[in-house]
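Commentary on secondary and tertiary structure
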Amino acid sequence: MNAQTNTVGTRILVIDDEPQIRRFMRASLTAEGYAYLEATTAEQGIKQITSQNPHLVILDLGLPDADGYEVMQQLREWSQVPVLVLTARDDELQKVKLLEGGANDYLTKPFGIRELMARIHVLLRDLSDQQQPTAETQFRFGELLIDREQHKVFLQHQVVNLSRKEYALLDFLASHPQKLVTQQQLLEKIWGHTHHEDTHYLRIFVSQIRKKLKDDPAHPQYIETEPGVGYRFIAQK
């Protein structure tokens with residue numbers, strides 16, 4: 001975690017019935033300065049959320065008394081706390097269901113400490129941004145510059161000729177760096193709710209953007225694909 005990131009007082013609740021996962025989480029999160037909370041069942045988790053008001057919930061799907069998806073649906077009836085789901089199910093449809101059901105992101109087991117902390121950092125940053133909105137007029141990622149006032153993109157100081165849809169797609173992804181954005185979110189944002197299922201639009205437009213940014217999909221610098229789920233803008237500011 002970046003040393004400038006203030007984690008003191010930030011409460012993270014882990015709802016998981018596996019002792020080894022909780023030990024790993026406790027050691028990892030406390031080492032980063034977070035206030036660690038835990039629950040081993042869905043019932044305990046809901047009680048902790050209502051009593052401790054965590055800033056972030058890490059939720060395992062396979063709980064002994066309820067499916068994690070049911071917990072998330074119940075939670076979303078009254079809370080918008082960010083939820084990072086842990087799942088051993090490497091299934092595209094399941095991941096889409098999770099995200100559409102209210103999860104903010106997911107990690108597929110097994111996972112490493114760096115990936116975990118990156119996901120946590122993004123979710124907490126998004127929460128902070130919502131509380132203190134900023135109106136950035138430019139996004140700079142190394143040699144890539146997105147000028148939001150002019151609606152222009154520059155790569156190595158040269159203008160990248162993007163269509164309006166291509167610019168809107170890139171701008172939306174870049175405004176949520178490191179965050180998974182689902183296909184459905186992108187389609188509704190760029191094309192409208194009537195195009196909710198037109199995922200082929202995304203494949204075509206993302207492919208065009210990659211070509212113009214000289215971004216190799218096998219080793220991406222800017223746009224990473226989560227197959228069947230969505231996309232992440234992975235460049236660092």
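To start, this report covers the structure provided alongside it. (Residues numbered from 1 in each chain as written. Predicted model: local features only at pLDDT ≥ 70, side-chain atom pairs only at ≥ 80, totals over all residues. Heavy atoms only, no water.)

Description of the overall build of the protein chain
As a reminder of what qualifies: Each helix is a run of DSSP H or I of at least 4 residues and each strand a run of E of at least 2, with the numbering of both proceeding from the N terminus. It is over C-alpha atoms that the radius of gyration is taken, and the globule rule equals 2.2 Å times the number of residues to the power 0.38. Summary of the burial criterion: residues with accessible area below 20% of their type's maximum are buried, those above 50% are exposed, and those between are partly exposed, where the area comes from a 1.4 Å probe applied to protein chains only. Throughout, the Shrake-Rupley method with a 1.4 Å probe supplies accessible areas, and for residues the shown protein chains are the sole cover considered. Charge convention: Lys and Arg are scored as positive, Asp and Glu as negative, and His as well as the terminal groups of each chain are ignored. All charge positions are set by atom: Lys at NZ, Arg at CZ, Asp at CG, Glu at CD.
In terms of helices and strands, the protein chain carries eight helices and 12 strands. Compactness check: the protein chain gives a C-alpha radius of gyration of 19 Å against a globular reference of 18 Å for 237 residues, within 12% of the reference. Summarising its shape, the C-alpha atoms of the protein chain cover approximately 55 × 40 × 30 Å along the three principal directions. The buried share among the 237 residues of the protein chain stands at 48%. For the protein chain, the accessible area works out to roughly 12500 Å², and carbon and sulfur atoms hold 47% of it. Side-chain charges of the protein chain comprise 27 positive and 32 negative groups, with the mean position of each set lying 5 Å from the other.

With respect to the environment of His-193
Structurally, His-193 is set in the loop between α7 (183-190) and α8 (199-213). Exposure remark for His-193: the relative accessible area of 64% places this residue in the exposed category. Taking the C-alpha atoms as reference, His-193 lies 27 Å from Val-153; in sequence the two are 40 residues apart.

A short note on the nonpolar core
General note: in soluble globular proteins, nonpolar side chains tend to be found buried as a group. Here is the rule we go by: Residue types Ala, Val, Leu, Ile, Met, Phe, Trp, Tyr and Cys, when buried and joined through side-chain atoms within 4.5 Å, form a set referred to as a nonpolar core.
Judged by nonpolar contacts, the single largest core of 29 residues is most densely connected at Val-153, Leu-169, Leu-170, Ile-223 and Phe-233. Every element with two or more residues in this core is listed here: β6 (138-141), β7 (144-147), β8 (152-155), α6 (164-174), α7, α8 and β12 (230-233). By residue number, the principal contributor to this core is α6, which donates six residues. Ranked by size, the runner-up nonpolar core spans 25 residues in total, among them Ala-39, Ile-46, Val-85 and Val-229.

Topic: the pairing of strand β5 (residues 105-108)
Condition: Here, any two strands with at least 2 DSSP bridges between them count as paired. Throughout, right-handed denotes a crossover for which the path from the first strand over the helix to the second runs clockwise when the strands point away from the viewer.
With four bridges connecting them, strand β4 (residues 83-87) and β5 associate as parallel partners. Bridge pairing in β5 links Val-85 to Tyr-106. At this point the chain moves from β4, through helix α4 (residues 92-100), to the parallel β5, and the crossover so formed is right-handed.

What to know about the sheet that holds β6
Filter applied, for reference: Here an axis means a line fitted to C-alpha atoms, over the contact stretch when the element is a helix, while the angle between two N-to-C directions is reported on a 0 to 180 degree scale.
Pairing is antiparallel in the open sheet, where four strands are placed in the order β6-β7-β8-β9. Either end of the sheet is taken by a strand with one partner, and the two such strands are β6 and β9 (158-160). Here the strands of the sheet are splayed against their neighbours by 25° on average, with no regard to which way each runs. As paired elements, β7 and β8 share four bridges and run antiparallel to each other. Counterpart to Asp-147 in the pairing with β8 is Lys-152.

Overview of the packing of α6 against α8
Test applied: In this scheme, roughly parallel covers angles under 35 degrees and roughly antiparallel covers those over 145, while 65 to 115 is roughly perpendicular and the rest are oblique. Residues are treated as being in contact if the distance between any of their heavy atoms lies within 4.5 Å. Residue polarity follows a fixed list, in which Ala, Val, Leu, Ile, Met, Phe, Trp, Tyr, Cys and Pro are nonpolar, Asp, Glu, Lys and Arg are charged, and the others, Gly among them, are polar.
At a closest axis distance of 10 Å, the pairing of α6 and α8 adopts a crossing angle of 85°. Classified by the angle their axes make, α6 and α8 are roughly perpendicular. Contacts between α6 and α8 involve Lys-165, Glu-166, Leu-169 and Leu-170 from the former and Leu-202, Phe-205, Val-206, Gln-208, Ile-209, Lys-212 and Leu-213 from the latter. Across the contact of α6 with α8, the residue classes break down as seven nonpolar, one polar and three charged.

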